[in-house]
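Here is how the chains run, residue by residue.
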Amino acid sequence: MSDTLTWFAQLPRSQSIFTPPFGPFFVLLLLQKTLVSDWLTGNKVGGNNNGITWCLCALRVGRTPRSRTKVTMNVGTAHSEVNPNTRVMNSRGMWLSYILGIGLLHIILLSIPFASVPVVWTLTNLIHNLCMYLLLHMVKGTPFETPDQGKARLLTHWEQMDYGVQFTASRKFLTITPIVMYILTSFYTKYDRIHFVVNTVSLLTVLIPKLPQLHGVRIFGINKY
Amino acid sequence: MTEGSANKPFTGDACHRSSNGKNATKNGFVKSHCLLEQPQKYRRTKEKNPNVTHNSNLYKRPFVESFEETPLLVAVLTYMGYGILTIFGYLRDFLRHWNIEKCHVARDREQQKDFVPLYQDFENFYTRNLYMRIRDNWNRPVCGVPGAKMDLAERVSYDYNWTFKHTGKVVKDVINMGSYNYLGFAENVGACADAAVDVTKKYGSGVGSTRCEIGNLDIHEELEQLIARFLGVESSMAFGMGFATNSMNIPALTGKGCLILSDELNHASLVLGARLSGSTIRVFKHNNMQSLEKLLRDAIVHGQPRTHRPWKKILIVVEGIYSMEGSIVRLPEVIALKKRYKAYLYLDEAHSIGALGPHGGGVVDYFGLDPNDVDIMMGTFTKSFGAAGGYIGGKKELIDYLRSHSHSALYATSMSPPVAQQIITSMKIIMGEDGSTLGADRLRQLSQNTTYFRKKLWDMGFIIYGNDDSPVVPLMLYMPAKIGAFGREMLKRNIGTVVVGFPATPIIESRARFCVSAAHTREMLDIVSLCGTHTSQNTHFIHS
């Protein structure tokens, strides 16, 4: 326990996860994890430092470097854009295609004969959030070889967008769309309790990874490599 | 919003950076002392064509370029196309994983399944699921001279392009619209070929050493003097490989503490050379002089990144003709900027030397400028001269420095004698020094062919990128399936073209690239445009 506290005291205050309002939450989480990990490894509480280092690794405390270098060897491309994935969401017509895709999904679900309107809206919301989570926050790297020697291999598409610059137009758009979907779904499900719980959990799974504080963070080491 | 021409920031920023929220009011505005006319803000509704030259007093002839934007419907359909291909790609991967379908891709051995994986299977996704399906459009074996017409070895594939078998037949007289054969010097008969044969009999074909050691032949000296005369510079140096000219000489010119301002669409050799040099690299938007000026001003005002010391030198790296867009650099404006801000200019005329200008002198000749304004003129012999290799021309001190400090000169074998002779002969023909009018005829034929071909395709309604005078003609295809369809349909009609798609080009700008040559006759160009129309009717092309 004392090890945890000394470690905590030594952390530089610029660490992003400790800024409010998430600071206390994460501190508690850390303490919890230390205790749990100690229990898991069967050691005395606060005995040795395995738990703390495990927490550190698991939470990847520290910022992923956001500066990018554009000096690279470009093989097979006709432009000096190192990672085309960063620009895909900004290209012309992409936002429109995305909205049309959601519309298409909704219409397909509406055409199921036995599904009522609230169920359809909840399903749309769930499937949309699931696909968004999988494509933006689960799949890592690029489907083609990039000249940047693998800098983006461990980054999800959300982290690759605009080379990690936060609050760009596409990022704001992709954050607002699930929220708008959620509001519409809440309306059409007439604020039913079960639908509310399901939709809120789904919205949280899609909003939390988009926080700038969670850039490059892999909780419990899930999806790290 | 997504990028549309009306929404792209006028200041030439690569992406819209959110400011600190303060709005620039009229009272707080600092008067801009920029050299080039800055387009005013909020002029979007009036600004129909952002490619209109703002500083026409610098240009002696009209500079007309067009890069028509992707129509919105086409963009949406293109994304849908890529989406469907991705879904099918995942399906196929699933089938391959469970051994329902035969897997042709390299995989880890059974004994090494528990090791760290050797192959990144996601990075290979695009290659195995999209590229492999249309792979028969590239790497076609050419048997014979790739002149205006060429012979191709016929290949078939029984496993969807994973392996090819040669049937043994040769497809004869395929019209070659893909070779960079601008002046038609890719031929095995004629004065160039005879001279090259004689030189091979005299010198042999190999040199066996580098320029600095024992590989400096008198034919190299003659070639370099000829190049210097052709370009109108003091001195020049020739290298055996065009790519190596860029990548080995830029490190000799700049180093740490220098700044390289390079165009967005610069070739891989320039990017590699800039990277190897260790200088700071900043990229300005393609052919956008406002962006370049902004970068220059920022660089000079703020200096090096952390120390704010002045830069040791600033080198602007541009190309004469950009081969993927067909655009010509705005050289008068670049030179005006370079003079004002005291930067150096490195001009890569790989595609434009011999192809532009009334005397074939490249983009400097085309704009009627003084070659002494360009500090380093670089070019290659691969395109217009039908040979191989590159050159650098400039002041005598610069070239003497490069002779002893360039990596190419010290470590790379010098140019082969028959290649050097081919360049000498072809350059003399272009300059008219061989006594005939063949050079002038070819230059005229090339420019006539370019104008005719571009006009013909434009009248047919295709979307063509680039400058009206550039012999590189990209024809937009946009959708991924059309890339394969176009290449194959054209081959069925005996025309060979180069098609390019994502990720070499932006995702919604796949294209087919035609390279007009002086060796093409008008009938050939008519056939090509007619076949293009037939193909478009079959595959429902995008018309403007």
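Remember, predicted model here, so these are calculated numbers, not experimental data. (Residues numbered from 1 in each chain as written. Chains lettered and ligands numbered in written order. Predicted model: local features only at pLDDT ≥ 70, side-chain atom pairs only at ≥ 80, totals over all residues. Heavy atoms only, no water.)

Quick look at the pairing of strand β7 (residues 314-319) of chain B now. Residue and element names in this part refer to chain B. For β7, the tally of buried residues reaches 6 of 6 residues, placing the bulk of the element in the interior. Burial along β7 is two-sided: Ile314, Ile316 and Val318 facing one way and Leu315, Val317 and Glu319 facing the other are all buried. With 4 bridges joining them, strand β5 (residues 259-263) and β7 adopt parallel strand pairing. Within β7, the residue paired with Leu261 across the bridge is Ile316. Looking at chain direction, β7 and strand β10 (residues 344-348) are connected through 5 bridges and run parallel. Considered in β10, the bridge of Val318 is made with Leu347. (Buried < 20%, exposed > 50% of the residue type's maximum accessible area, 1.4 Å probe, protein only. Helix = DSSP H or I, 4+ residues; strand = E, 2+ residues; numbered from the N terminus. Pairing = 2+ DSSP bridges.)

Residues and elements named next belong to chain B. The full count for this structure, using the stated rule, is 31 salt bridges over all chains. Here Lys113 makes a salt bridge to Glu110, at a shortest N to O gap of 3.3 Å. With relative accessibility at 49%, the residue Lys113 sits in the partly exposed group. Classification of Glu110 as exposed rests on a relative accessible area of 61%. The salt bridge involving Lys339 is made with Asp373; its shortest N-O contact spans 3.3 Å. Of this pair, Lys339 sits in helix α8 (residues 331-341) while Asp373 sits in the loop between α9 (363-367) and β11 (376-380), and the two are 34 residues apart along the sequence. (Salt bridge = Lys/Arg side-chain N within 4 Å of Asp/Glu carboxyl O.)

Let us look at the packing of helix α6 (residues 117-138) of chain A against helix α8 (residues 169-188) of chain A. Residues and elements named next belong to chain A. In contact at an axis separation of 9 Å, α6 and α8 are set at 160° when each is read in the N-to-C sense. Relative to α8, the element α6 is oriented roughly antiparallel. As α6 runs across α8, the sense of the crossing is left-handed. Touching Val117, Pro118, Trp121, Thr122, Thr124, Asn125, His128, Asn129, Met132 and Leu136 of α6 are Leu174, Pro178, Met181, Tyr182, Leu184, Thr185 and Tyr188, all from α8. Tallied by class, residues from the contact of α6 with α8 come to 11 nonpolar, 6 polar and no charged. (Axes fitted to C-alpha atoms, helices over the stretch in contact; angles between N-to-C directions. Parallel < 35°, antiparallel > 145°, perpendicular 65-115°, else oblique. Left-handed = near helix turned anticlockwise from the far one by under 90°. Contact = heavy atoms within 4.5 Å. Nonpolar A, V, L, I, M, F, W, Y, C, P; charged D, E, K, R; others polar.)

Let us now look at the domain arrangement of chain B. Residue and element names in this part refer to chain B. Taken as a whole, chain B is organised into domain 1 (63-176 + 437-543) and domain 2 (191-431). In this structure, domain 1 and domain 2 have C-alpha centres spaced 29 Å apart. Taken together, the contact between domain 1 and domain 2 spans 20 residues of the former and 20 residues of the latter. Where domain 1 meets domain 2, there are 1 salt bridge. In this structure, Arg511 engages Glu325 in a salt bridge whose closest nitrogen and oxygen atoms are separated by 3.0 Å. Inspection of the domain 1/domain 2 interface yields 8 residue pairs in polar contact (both at pLDDT 80 or more). Per element, the largest residue contribution to the side of domain 1 that touches domain 2 is 5 residues, and it comes from helix α13 (residues 438-459). Considering only residue class, the side of domain 1 that touches domain 2 consists of 10 nonpolar, 5 polar and 5 charged. (Domains from an automatic or database assignment. Polar contact = N/O pair within 3.5 Å; in protein donor to acceptor, adjacent residues only side chain to side chain.)

Take the packing of aromatic side chains next. In total, this model carries 21 aromatic pairs over all chains according to the counting rule given. Note on Tyr126(B) and Phe502(B): the rings are 6.2 Å apart at their centroids and 85° apart in plane angle, and the pair reads as edge-to-face. Of this pair, Tyr126(B) sits in helix α2 (residues 125-131) while Phe502(B) sits in the loop between β16 (498-500) and β17 (511-515), placing them 376 residues apart in sequence. When sorted by exposure, Tyr126(B) lands in the same class as Phe502(B), which is buried. Their ring planes at 75° and their centres at 6.0 Å tell us that Phe230(B) and Phe385(B) sit as a pair that is edge-to-face. Taken together, the residues span a long stretch of sequence, with Phe230(B) in helix α4 (residues 218-231) and Phe385(B) in the loop between β11 and β12 (390-394) at a distance of 155 residues. When sorted by exposure, Phe230(B) lands in the same class as Phe385(B), which is buried. Taken together, the ring pairs connect Phe144(A), Tyr82(B), Tyr126(B) and Phe502(B) into an aromatic cluster. (Phe/Tyr/Trp six-rings, centres within 6.5 Å; stacked < 30°, edge-to-face > 60°.)

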